[in-house]
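Observations on the model geometry
Each chain is listed here by its residues.
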Amino acid sequence: MTAITLNSINKRFGPVHVLKDISLQFDKGEFVVLVGPSGCGKSTLLRMIAGLEPVSSGDMIFGDTRVNDLEPRERDIAMVFQSYALYPHMNVERNLGFSLELRKRAAAEKKDRTSHAAGILGLDKLLDRFPKALSGGQRQRVAMGRAIVRDPQIFLFDEPLSNLDAALRIEMRIEIAKLHQRLGTTMVYVTHDQVEAMTLADRIVVMNAGQVEQVGTPLDLYSNPANLFVAGFLGSPKMNFVAHDDAALNLPSSLTNPSAQTYGIRPEHIKVTAPDDTAHLVGTIDVVERLGSDTIFYINHGATKPFVVRVPGIDRTAIGEKIGCQFQPEDLHLFDQNGQAISEHKNG
Amino acid sequence: MQKTAFPIGAVLRYFAIALYVLFALFPIYWLVKIAVTPDRLIYTEGTQIWPSNFTLDNFVSVLFLTDFLVYFKNSMIVSLGTAFFTTLVATAAGYAFSRFHFRGKTIIIALMLITQMFPLLMIIAPIYKIMAGLRLLDSLTGLIIVYTAFNVPFATFLMQGFFDGIPKDLEEAAMIDGCTRFEALRKVIFPLTLPGLAATLGFIFTAAWSELLFALMLINSDAKMTFPVGLKTFVSKFAVDWGQMMAAGTLALIPSCLFFILIQRFLVKGLTAGAVKG
Amino acid sequence: MTMALPTSPGNGRGRPLKRFQWLVEPYLYLSPAIILIALVILVPLVVGVSYAFQAIDLLNPFETGWVGFANFEKLWADRLFWKALTNTFWWTLGSLFFQFFLGLGLALLLNKPFAGRGLVQGLVFLPWAVPAFLSGLNWAWLFNPIIGPIPHWLAALGIMEKPQNILANPELALWGPIVANVWFGIPFFAITLLAALQSIPRDLYEAAAIDGASVWQSFIKITVPFLAPTIAITVMLRTIWIANFADLIYIMTGGGPANSTNIISSYIFTTAFRRLDFAYASTLAIALLVLLLAYAMLILQMRKHLVKGI
Ligand SMILES: Nc1ncnc2c1ncn2[C@@H]1O[C@H](COP(=O)(O)OP(=O)(O)OP(=O)(O)O)[C@@H](O)[C@H]1O
Ligand SMILES: [Mg+2]
């Protein structure tokens, strides 16, 4: 069953056309992550789902109810803001229970649900504190708790973890995943962080300049990016792109395609070999990063951008050495002159 | 890393601070001093820092032999009324400026700026006519209306600043939590602007308490005079009775000074951007 | 993909209503202010402006009527107007200069914590609460050699030969109201600048200190650029306000002696309420308004550059 349907949604701020003809469907219970470069309209889209921004044209449908004209409070949603937006003049307990207070729920029920949410997030000891006296991670938990208490139809998150340090971010990421498992509520989550997107999402929506580039499961997007943008956006280090006429490129004709303008290969899909005729690409090592678990080579093959290779473990090959690279046919991505992926090669 | 200042620097700082305090307080001190100097000493000891004798006679006669208390009461009504209504109207307007983008916003802001730009004298005659038409001449209500109108633009900008300091996320969160926009304003934003509100109230109260021009033009009966007008009649009536005038002046200072001392902290705090964050 | 549009539930909320609400809501909050300002200020302002193009003589009601730009021609030839304009310039510049720098100094002093800061702050801001007419009277008394100490001090310091009232001396009289105005206006600058100072993030100074900036350098490189937009807007508002502010002059000198302290606003006052020539008073006011508008545009333009620069 669909929880949210976006039907040709457009958004204009005065003359600026920020979202262009977005059509999407999110299933009930699905965890959807919106990713895309800064300014592409993720927050705007989320805020339109929340009812905080009016829709310029198109239909916003929850279940089978058109909600374009409903106020945020009538949509039965909860939202976690990047800034947390905790009410500074209320203590944690009141912050958590504020939505119930507004709905004039009985004190007992309020107490019940607040302490339940506080229990889930480990906030029991902080109920009397004011937001001022909380650490960043604790504030983040309160913001999440406020959403949990609501028990809404839909959870919305706008970069909820971006103000936390790396360790806390991982911890909270796991909490959110657990939360989704436990509650099974539809969640829409905006992030910059690829790892968050890959680990949390049932489906990822990649946006660029106000348009949807591709929608799919994390692995689907990773293995079958629909175009250059998605291919370059997901994955770290980024996918290497080599022009079809690059002199350093030496592909057997079985791997090439006459309409391919650009070949893409992910750094982790490259085998390092001797720089001889069997190599698909040859270059010299410019920079080496040894991370322990992996070694990353930045290879100069005559183009402006280095060719990046990631091999597992510690590799002792030194800077300045000439090496060859080999790819498996199924790991090679081909893109035509419009930047769209050419998929037939894979089947054939 | 806290650098300890040279003692000489600290001494200079305190010296400068003392100079400021002295400069601020001396004229007020002088006012009070002449008010408590007995009449017979005013000329002989007029320029001494410290009179050889004190008296409260001037205060007694001002309070009980003149209309001072009537003026005082009128001024209180007008200033409190103005402060209240101005703050109410300006809060709503400041909120709209801070939180909405809408057609005509620039024009309205420009108009409000223009109201701050021309000599009020220019419009006293037309206002007089309008107030006469509304039968609001010589009435405290009329004065409150005019004062409110004149103070709204500045108070609006002030309030807008306070609202701008409150993150928009907060009321959006409240609206998602179940508030209407107005409820969000009342339950979440309003409590956070209290310092700003106090500051605006105080600012406007002080301004209304001081206003002379309109009070002079729009009020003519003794029973409706506000304090500045009353004091001005003092000046013309008792041109030589320095002691009484200064006593009256001292008494008139009390409410606005009290009010101001109470609110000046909020004023600085409220004007500080982002004071309520976090 | 196309799909049948579910109709909205039957609660009667249509899209037009919603649109209407987004459009109208800000005006709902603004309407009391707009109505009040329009009725009490803007309408009278238009009427007031129209006076400038008429002949209005309350004593001679039959000689009224439209006269085109006659009043402005009269203005151009009016020596008193030019004199008042010069005085307005010096009055505004003098008051503003001292108010600003003394206010800035006070704000910097108050920005650092010290014992008794709260009390000091309350005391030094006090002049702002003193009604203008009262400060005018008070300073007039202070300058009066009979009951005021200032002339005696000046004489004792040798600045003056014998205790005299500077308000009676055409050469010096303008300084009297300026001093009163400075006294009255320092707190305004101090309050706004102090608030601006306190909103500068502390870590900027810490970063600068670590980078090896001296106190003076961090003042010039951090404090000043951060304050600049506030300064521009405050100075603009204050200039306009001071140029229009006749109370002190009216009370302390009445524009005298020999018009030496007559600024345009006090000239307007006497024109309107002594000579009852409302038409010419309006003409004067329009001249001042135009000058101030031009000035405000200039400052706002400068401020744009400043804000960009940060
Ligand atoms: N109120 C507004 N008025 C005009 N333009 C706006 C407004 N809000 C957002 N925009 C513009 O809309 C575009 C999308 O903004 P949005 O905040 O949705 O981006 P985002 O994808 O969330 O970016 P980020 O990852 O940096 O948060 C941006 O170009 C932004 O400048
Ligand atoms: Mg965003």
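Residues numbered from 1 in each chain as written. Chains lettered and ligands numbered in written order. Predicted model: local features only at pLDDT ≥ 70, side-chain atom pairs only at ≥ 80, totals over all residues. Heavy atoms only, no water.

**Describing the UniProt feature "transmembrane region" (unreviewed entry) in chain C**
Residue and element names in this part refer to chain C. Note the threshold: UniProt positions are given in the numbering used here, feature names are shortened, and annotations may be inferred rather than shown by experiment. In DSSP terms, a helix is any run of H or I states spanning at least four residues, a strand is any run of E spanning at least two, and both are numbered starting from the N terminus.
Here the UniProt feature "transmembrane region" (unreviewed entry) sits at residues 27-53, 89-110, 122-143, 172-197, 218-243 and 278-300. For the annotated span residues 89-110, helix accounts for 100% and strand for 0% of the residues, and the straight-line distance between the end C-alpha atoms is 31 Å. The distance from the first to the last C-alpha atom of residues 122-143 is 26 Å, and the span holds 68% helix and 0% strand.

**Digging into the environment of Pro-229 of chain C**
All names here are of chain C. This is how the line gets drawn: Exposure classes here rest on a 1.4 Å probe applied to the protein chains alone. A residue is buried below 20% of its type maximum, exposed above 50%, and partly exposed in between.
Secondary-structure assignment places Pro-229 in helix 9 (residues 215-244). The exposure class assigned to Pro-229 is buried, which follows from its relative accessible area of 12%. Residues Pro-229 and Gly-148, 81 residues apart in the sequence, show an inter-C-alpha distance of 41 Å.

**What to know about the packing of aromatic side chains**
Residue and element names in this part refer to chain C. Basically, it comes down to this: Here is the rule: rings of Phe, Tyr and Trp (six-membered ring for Trp) pair when centre to centre is within 6.5 Å. Planes less than 30 degrees apart are stacked, more than 60 are edge-to-face, and the remainder are tilted. Whether a charge lies above a ring is judged from NZ of Lys or CZ of Arg, which has to be within 6 Å of the ring centre and within 35 degrees of the ring normal.
By the definition in use, this model includes 47 aromatic pairs over all chains. Taking the ring centre of Tyr-280 as reference, the NZ or CZ of Lys-74 above it sits at 4.2 Å. Over the aromatic face of Trp-241 sits the side chain of Arg-238, whose NZ or CZ is 4.4 Å from the ring centroid.

**Structural notes on helix 1 (residues 42-50) of chain A**
Among the nine residues that make up helix 1 of chain A, eight are buried, leaving the element largely enclosed by the rest of the structure. Among all positions of helix 1 of chain A, only Lys-42, Thr-44, Leu-45, Leu-46, Arg-47, Met-48, Ile-49 and Ala-50 of chain A are buried.

**Concerning the interface of chain B and chain C**
As a reminder of what qualifies: Note on contacts: a residue pair qualifies if any of its non-hydrogen atoms lie within 4.5 Å across the two residues. What gets called buried area is simply the loss in accessible area from a 1.4 Å probe that two parts show on being joined, summed for both. We count a salt bridge whenever a side-chain nitrogen from Lys or Arg sits within 4 Å of a carboxyl oxygen from Asp or Glu. Any N or O atom pair separated by 3.5 Å or less is treated as a polar contact, with the protein-specific requirement of one donor-capable and one acceptor-capable atom, and with residues adjacent in sequence counted only for side-chain atom pairs. Gly falls in the polar group here, along with every residue not listed as nonpolar (Ala, Val, Leu, Ile, Met, Phe, Trp, Tyr, Cys, Pro) or charged (Asp, Glu, Lys, Arg).
Listed by partner, the interface residues are 89 residues for chain B and 87 residues for chain C. Here chain B packs against chain C, burying approximately 7700 Å² in sum over the two surfaces, 82% of which is carbon and sulfur. Among the residues chain B hides against chain C, the three largest losses belong to Tyr-20, Met-117 and Met-122 of chain B. Together they make up 10% of the total. Across the pair Glu-25 of chain C and Arg-181 of chain B runs a salt bridge, and its minimum N-O distance is 3.7 Å. Here chain B is connected to chain C by seven residue pairs in polar contact (both at pLDDT 80 or more). Looking at side-chain class alone, the side of chain B that touches chain C contains 70 nonpolar, 12 polar and seven charged residues.

**Concerning the UniProt feature "transmembrane region" (unreviewed entry) in chain B**
Under the UniProt annotation, "transmembrane region" (unreviewed entry) lies at residues 12-32, 76-97, 109-128, 140-159, 196-219 and 239-263 of chain B. Between the end C-alpha atoms of residues 109-128 of chain B the distance is 26 Å, and the span holds 75% helix and 0% strand.

**A look at the domain arrangement of chain B**
Residues and elements named next belong to chain B. For the record, the criterion: Domain delimitation follows an automatic or database domain assignment.
Splitting chain B by domain gives domain 1 (1-55) and domain 2 (67-277). Taken together, the contact pairs nine residues of domain 1 with nine residues of domain 2. The junction of domain 1 with domain 2 conceals about 670 Å² of combined surface from both sides, 75% of it contributed by carbon and sulfur atoms. Broken down residue by residue, the surface that domain 1 buries against domain 2 is led by Leu-31, Ala-35 and Tyr-43, which jointly contribute 54%. Linking domain 1 with domain 2 are zero salt bridges, by the criterion used here. The interface formed by domain 1 and domain 2 contains zero residue pairs in polar contact (both at pLDDT 80 or more).

**Describing the domain arrangement of chain C**
The figure often quoted for interface size is the accessible area lost as the parts come together. Residue and element names in this part refer to chain C. Its domain assignment divides chain C into domain 1 (16-65) and domain 2 (72-309). Computed over C-alpha atoms, the centres of domain 1 and domain 2 are 30 Å apart. Surface buried jointly by domain 1 and domain 2 totals about 720 Å² across both partners, of which 74% is contributed by carbon and sulfur atoms. Taken together, the links from domain 1 to domain 2 amount to one residue pair in polar contact (both at pLDDT 80 or more). Within the residue set of the side of domain 1 that touches domain 2, elements represented by two or more residues are helix 1 (15-51) and strand 1 (54-55). With three residues, the single largest contributor to the side of domain 1 that touches domain 2 is helix 1. In terms of residue class, the side of domain 1 that touches domain 2 is made up of eight nonpolar, two polar and no charged.

**With respect to the site of ligand 1**
Residues and elements named next belong to chain A. Operational definition: Here a residue is considered near a molecule or strand provided that any single heavy atom belonging to it is located within 4 Å of it. Exposure was quantified through the Shrake-Rupley algorithm and a 1.4 Å probe, taking into account, for residues, occlusion by the shown protein chains and nothing else.
Surrounding ligand 1, one finds Phe-13, Val-18, Ser-38, Gly-39, Cys-40, Gly-41, Lys-42, Ser-43, Thr-44, Glu-159 and His-192. For ligand 1, an oxygen atom lies 2.4 Å from a polar atom in the side chain of Ser-38. One of the backbone nitrogen or oxygen atoms of Gly-41 is found 3.0 Å away from an oxygen atom of ligand 1. Here ligand 1 has 630 Å² of accessible area as a free molecule, and 60% of this is covered by the chains. Here the shell around ligand 1 is built from residues that sort into three nonpolar, six polar and two charged.

**Some thoughts on the sheet that holds strand 4 (residues 57-62) of chain A**
All names here are of chain A. Filter applied, for reference: At least two DSSP bridges between two strands are required for those strands to pair.
The antiparallel open sheet is built from four strands, whose spatial order is 2-1-4-5. If you trace the sheet from one side to the other, it starts and ends with strand 2 (16-27) and strand 5 (65-66), each paired once. With five bridges connecting them, strand 1 (residues 2-13) and strand 4 associate as antiparallel partners. Paired with Ile-4 across the two strands is Phe-62, which belongs to strand 4.

**Digging into a nonpolar patch on the surface**
Heads up, the rule is: Patch membership requires over 30% relative accessible area and the absence of a salt bridge. Like charges are linked within 9 Å, and nonpolar side chains (Val, Leu, Ile, Met, Phe, Trp, Tyr) within 5 Å.
Residues Ile-130 and Leu-134 of chain B together with Ile-35, Leu-39, Val-43 and Val-47 of chain C make up a contiguous nonpolar surface patch of about 490 Å² in total accessible area. Within the secondary structure, Val-43 of chain C sits in helix 1.

**Regarding helix 11 (residues 264-273) of chain C**
With nine of 10 residues buried, helix 11 of chain C lies mostly within the body of the structure. Along helix 11 of chain C, the residues classified as buried are Ile-264, Ser-265, Ser-266, Tyr-267, Ile-268, Phe-269, Thr-270, Thr-271 and Ala-272 of chain C.

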